[in-house]
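A structural walkthrough
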Amino acid sequence: MRQGDWKAFKEHVPPARDCDPSAPLPDRVAQAASASPEEAARGIAALEATLGREWRESSADLLPGLVDLASGGAAHHRHRVVRLLARLADLNGTSPAWPALEPRLAALLADEDPRVRGHATRLAPSAVRDRGPALRARWDVETDRGVRPDHRQVGRSGAAGGAARVGRARARPRSAGRGRRGPARRTAPPPTAGARSPRGPRPRRPLVR
């Protein structure tokens, strides 16, 4: 990354240590919806620093607001909001707050932003109960290889179709040699007890007296 690009990156993504931890979290959600890229990044960074490490009692109350941001309420950095939602789902994907949000979470898989779709792919297995059909539908139409749902995620979700085809393609037998492709080497079976050597019996040595 060039020096100018790195400077612009730092301006748009401020570190979490520059955020005021005493600010109420609902205010941070509102800040993340700011039309200013810098202001929105500060709000998201504060949410990541506060919510992204452990599940809190207030996390469930903030989920609807975060989904609003991820679904289009945020003018900037929506993919970071979806990434935060994925972290929260990993921390506590069984919270009663998730089921009411499932239709909107599944809709993120078809978002126009590939970064949002990518993080939504990691969000769905933890937060969407009927994730199998949703992931399978995206598998069939997704063209971005960096976003396409991983076959392991689809397999864990019980999906078939495209995932099964990929599973069969990856289940091809490997050759016996390391780093080489081709027929496996044939080895002779071990000799059985009492079998004679193909060279015949060994000649007896005369006794030396």
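Reading the values: rules and limits
- Residues numbered from 1 in each chain as written.
- Predicted model: local features only at pLDDT ≥ 70, side-chain atom pairs only at ≥ 80, totals over all residues.
- Heavy atoms only, no water.
- Helix = DSSP H or I, 4+ residues; strand = E, 2+ residues; numbered from the N terminus.
- Buried < 20%, exposed > 50% of the residue type's maximum accessible area, 1.4 Å probe, protein only.
- Contact = heavy atoms within 4.5 Å.
- pLDDT = per-residue confidence, 0-100.
- Expected span 1.5 Å × (residues − 1).
- Core = buried A, V, L, I, M, F, W, Y, C linked by side-chain atoms within 4.5 Å.
- Salt bridge = Lys/Arg side-chain N within 4 Å of Asp/Glu carboxyl O.
- Axes fitted to C-alpha atoms, helices over the stretch in contact; angles between N-to-C directions.
- Parallel < 35°, antiparallel > 145°, perpendicular 65-115°, else oblique.
- Nonpolar A, V, L, I, M, F, W, Y, C, P; charged D, E, K, R; others polar.

**Considerations on the environment of Val-116**
Within the secondary structure, Val-116 is located in helix H7 (residues 114-127). Note on Val-116: relative accessible area 0%, which makes it buried. Contact partners of Val-116, with chain neighbours within four places excluded, come to Arg-78, His-79, Val-82, Leu-108 and Asp-111.

**Remarks on the confidence of the model for the chain**
For the chain, the average pLDDT comes to 75, and 60% of its residues sit at 70 or higher. Mean pLDDT values for the elements of the chain range from 41 in helix H10 (residues 162-170) up to 96 in helix H5 (residues 78-91). pLDDT under 50 marks residues 1-17. Its contacts with residues more than four places away, or in other chains, come to 15 contacts. Every residue in residues 159-180 scores below 50 in pLDDT, and together they form 18 contacts with partners more than four places removed in sequence or on other chains.

**As for H5**
Between its terminal C-alpha atoms H5 stretches 20 Å, which fits the 20 Å expected from 14 residues at 1.5 Å a residue. Summarising burial for H5: ten of the 14 residues are buried, a large majority. What H5 keeps buried is the set Arg-78, His-79, Arg-80, Val-81, Val-82, Leu-84, Leu-85, Ala-86, Leu-88 and Ala-89.

**Examining the nonpolar core**
Ranked by internal contacts, the top residues of the largest apolar core, which has 33 residues, are Leu-66, Leu-85, Leu-105 and Leu-123. Secondary-structure elements contributing two or more residues to this core are helix H2 (25-32), helix H3 (37-51), helix H4 (59-73), H5, H7 and helix H8 (131-141). At seven residues, H5 tops the list of elements feeding residues into this core.

**Re the side chain of His-79**
Summarising the element assignment, His-79 is placed in helix H5. Ignoring anything within four residues of it in the chain, the contact list for His-79 reads Arg-115, Val-116 and His-119.

**Thoughts on the pattern of salt bridges**
Where charged atoms of side chains with opposite charge meet at close range, the side chains can pair. Under the definition given, this model contains nine salt bridges. Linking Arg-129 and Glu-102 is a salt bridge whose minimum nitrogen-to-oxygen distance equals 2.8 Å. Here Arg-129 is found in the loop between H7 and H8, whereas its partner Glu-102 is found in helix H6 (residues 102-107), with 27 residues between them in sequence. The class of Arg-129 is exposed, set by a relative accessible area of 61%. When its relative accessible area of 11% is taken as the criterion, Glu-102 is described as buried. As a salt-bridge pair, Arg-115 and Asp-113 come within 3.3 Å of each other at their nearest N and O atoms.

**Here's the deal with the packing of H2 against H4**
Two numbers describe how H2 lies on H4: the axes approach to 10 Å, and their chain directions differ by 5 degrees. Classed by the angle they form, the pair H2 and H4 counts as roughly parallel. Residues Leu-25, Pro-26, Val-29 and Ala-32 of H2 lie in contact with H4, whose contacting residues are Leu-62, Gly-65, Leu-66 and Leu-69. Of the residues assigned to the contact of H2 with H4, the class counts are seven nonpolar, one polar and no charged.

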